[in-house]
Amino acid sequence: MKALAEVLEGEGYNTTCIGFTGNPSARGFQNYMDYEGWGADETGRSPKAENLNRVAIPELKRLADDDKPFFLFLRHMDPHSPYLPPQPFERMFYDGDEKDPSNHSLDGLYAFKPFVDYFHSWIPEGCTDSEYVDAQYDGAIAYMDAGIQSIFTALEKLGIEEETLVVITSDHGETLNEHDCYYDHHGLYETNLRIPLILRYPGKLPAGRRISSFSQIKDVMPTVLELLDIDSGIAFNGRSLLPLVRGEERVPESEMYITECTWMRKHGWRTPEWKLIVALEPDFHFKPAVELYNLVRDPEELHNVAADEPEVVALLQSRMEAHIERREEATGRINPIAVNLNWHGLGGGPFESSQQAYDSLHIGSSVTARKLQAKAKDADETVNAAEAEEVEERSEEETSV
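Predicted, not measured: the structure shown is a model, and the values here were computed from it. (Residues numbered from 1 in each chain as written. Predicted model: local features only at pLDDT ≥ 70, side-chain atom pairs only at ≥ 80, totals over all residues. Heavy atoms only, no water.)

A.B. asks: Would you mind going over the overall build of the protein chain with me for this structure?
C.D. replies: Tallying secondary structure elements over the protein chain gives 13 helices and nine strands in all. By its C-alpha atoms, the protein chain is 60 × 55 × 40 Å across when sized along the principal axes. Relative to its 401 residues, the protein chain shows a buried fraction of 46%. Restricting to contacts in the protein chain with at least 6 residues of sequence separation, those with at least 24 account for 61%. As displayed, the protein chain has an accessible area near 21,000 Å², and 50% of this comes from carbon and sulfur atoms. Taken as two groups, the 37 positive and 72 negative side-chain charges of the protein chain have centres that lie 6 Å from each other. (Helix = DSSP H or I, 4+ residues; strand = E, 2+ residues; numbered from the N terminus. Buried < 20%, exposed > 50% of the residue type's maximum accessible area, 1.4 Å probe, protein only. Contact = heavy atoms within 4.5 Å. Areas by Shrake-Rupley, 256 points an atom, 1.4 Å probe, with all protein chains shown as cover. Lys, Arg positive; Asp, Glu negative; His and termini not counted. Charge placed at Lys NZ, Arg CZ, Asp CG, Glu CD.)

A.B. asks: Honestly, the pairing of strand β6 (residues 256-261) in this entry has me stumped. Any pointers?
C.D. replies: The side chains of a regular strand alternate, residue by residue, between the two faces of the sheet. Both β6 and strand β7 (residues 265-270) contribute to a ladder of six bridges, which runs antiparallel. Counterpart to I258 in the pairing with β7 is G268. Connecting β6 to the next strand, β7, in antiparallel fashion are three residues. (Pairing = 2+ DSSP bridges.)

A.B. asks: Could you clarify how one ought to interpret the pairing of strand β8 (residues 274-279) in this entry?
C.D. replies: The buried count for β8 comes to six of six residues, which makes it a mostly enclosed element. Across the two faces of β8 the burial is the same, with W274, L276 and V278 and K275, I277 and A279 all buried. Hairpin connection, β7 to β8: the antiparallel pair is bridged by three residues. Both β8 and strand β9 (residues 290-294) contribute to a ladder of five bridges, which runs antiparallel.

A.B. asks: What should I look at first to understand the packing of aromatic side chains in this one?
C.D. replies: Each aromatic ring pair is summarised here by two numbers: the centre-to-centre distance and the angle between the ring planes. The tally for this structure, following the rule as stated, stands at 23 aromatic pairs. When the centroid spacing of 5.8 Å and the interplanar angle of 55° are considered together, the rings of F286 and Y358 count as tilted. Of the two residues, F286 sits in the loop between β8 and β9 while Y358 sits in helix α11 (residues 354-360), which places them 72 residues apart along the sequence. On the accessibility criterion, F286 (45% relative accessible area) is partly exposed. Across the ring face of F214, the terminal group of R270 is positioned such that the distance to the ring centre comes to 5.9 Å. (Phe/Tyr/Trp six-rings, centres within 6.5 Å; stacked < 30°, edge-to-face > 60°. Lys NZ or Arg CZ within 6 Å of the ring centre and 35° of its normal.)

A.B. asks: Teacher, can you tell me more about helix α7 (residues 220-227) here?
C.D. replies: In an α-helix, one full turn covers 3.6 residues, which means residues spaced three or four apart are oriented alike. Most of α7 sits out of view: seven of its eight residues are buried. Those residues of α7 that sit buried are V220, M221, P222, T223, V224, L225 and L227. Among the structural elements, α1 (4-10), β4 (166-169), β5 (197-200) and α8 (242-245) are those in contact with the buried residues of α7. D229 lies just past α7 and shows a positive phi near 60°.

A.B. asks: Where do I start with the pattern of salt bridges in this structure?
C.D. replies: A side chain of one charge can pair with a side chain of the opposite charge when the charged atoms of the two come close. Applying the stated criterion to the full structure yields 18 salt bridges. R27 serves as the salt-bridge partner of E6, at 2.9 Å between the closest nitrogen and oxygen. Linking E6 in helix α1 with R27 in the loop between β1 (14-18) and β2 (31-33), this pair joins segments that are 21 residues apart in sequence. A relative accessible area of 40% means that R27 is categorised as partly exposed. Here R45 and E90 are joined by a salt bridge, their closest N and O atoms 3.8 Å apart. Of this pair, R45 sits in the loop between β2 and α2 (48-65) while E90 sits in the loop between β3 (70-74) and α3 (107-110), and the two are 45 residues apart along the sequence. Per residue, the accessibility class of R45 equals that of E90, and both read buried. Connected through salt bridges with shared partners, the residues E190, R194, R270, K275 and E301 form a single ionic network. (Salt bridge = Lys/Arg side-chain N within 4 Å of Asp/Glu carboxyl O.)

Here is the structure:
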């Protein structure tokens, strides 16, 4: 199936992607541009949104100067960790002592071997208060919001504000202190599954309307193409959201398949009331192989009731397996998560125990995280090169000291 950029190019659009070079998540663009979205500057903070705008706004002006329509995709890295918003956003949501020795809310984080070195690379030395780190995340969101306003200002100055469709969404949510997953986005919990979706198109979409019905990422492309009056001829798995905007009846999907293969290889089945999570191999957080949560009675997913509700587990698992079978028949492909046995790039196939996963998975610093995020073709070389670079950097630092 063609990606959105490919469809729009076929309709005469110029297409540019900023911040996804080398990542298969964004294919088909005519032009790729990068910006510094990870490391700290000389102040120790990371002005990611400003770095993006420094690249994006001149490109926006270039595209607007052409006589063709354009598709500009911006990948903001706020509020992805490391959370290092510049001042005054750093302490905008925190007024306490982040180094209070009587506070032990980060003890679990510092005991988590796979990520502890990564955390030490950006969380201030001596920090003990999880609320401080949470506030950095909130500050990163506020800082990104200010950066996005600069994009809207540029659209207005260019005189194309009224004819430009703007879509703001995310590829995932974020886990802060919930579920002992610590400032990342692995896991199939609601903290990661629920994301914003904002569409702005003056004159074609009503301003300020909020719709409570949930949607999925797969609905975005058919929605965009309908708004642009483009018939791609593609039989989408998702559906346009415009009937909801028009107040028409749109029967919601009552259940859905969910998957993860970032740090833990899991999949599951979600209904309005229940969520089933099934591990395809042991995970590095020592979670149970099967988790079941009642989303109505337990919206924060604190109580795994799989052992108490075996009939519900069996029902949801059968629904999930039937869905997978239908999709495999429709696509002629095996479920990708079933065959991605070396997802971690370490060789040797699936982990045999949580202890093995815990001992094997490691982010030493943002250098390694950045390399992993790039998702180069050879994951083994990527991770090994990142670790080698990290060791070399440490050696140079020790020598200079």
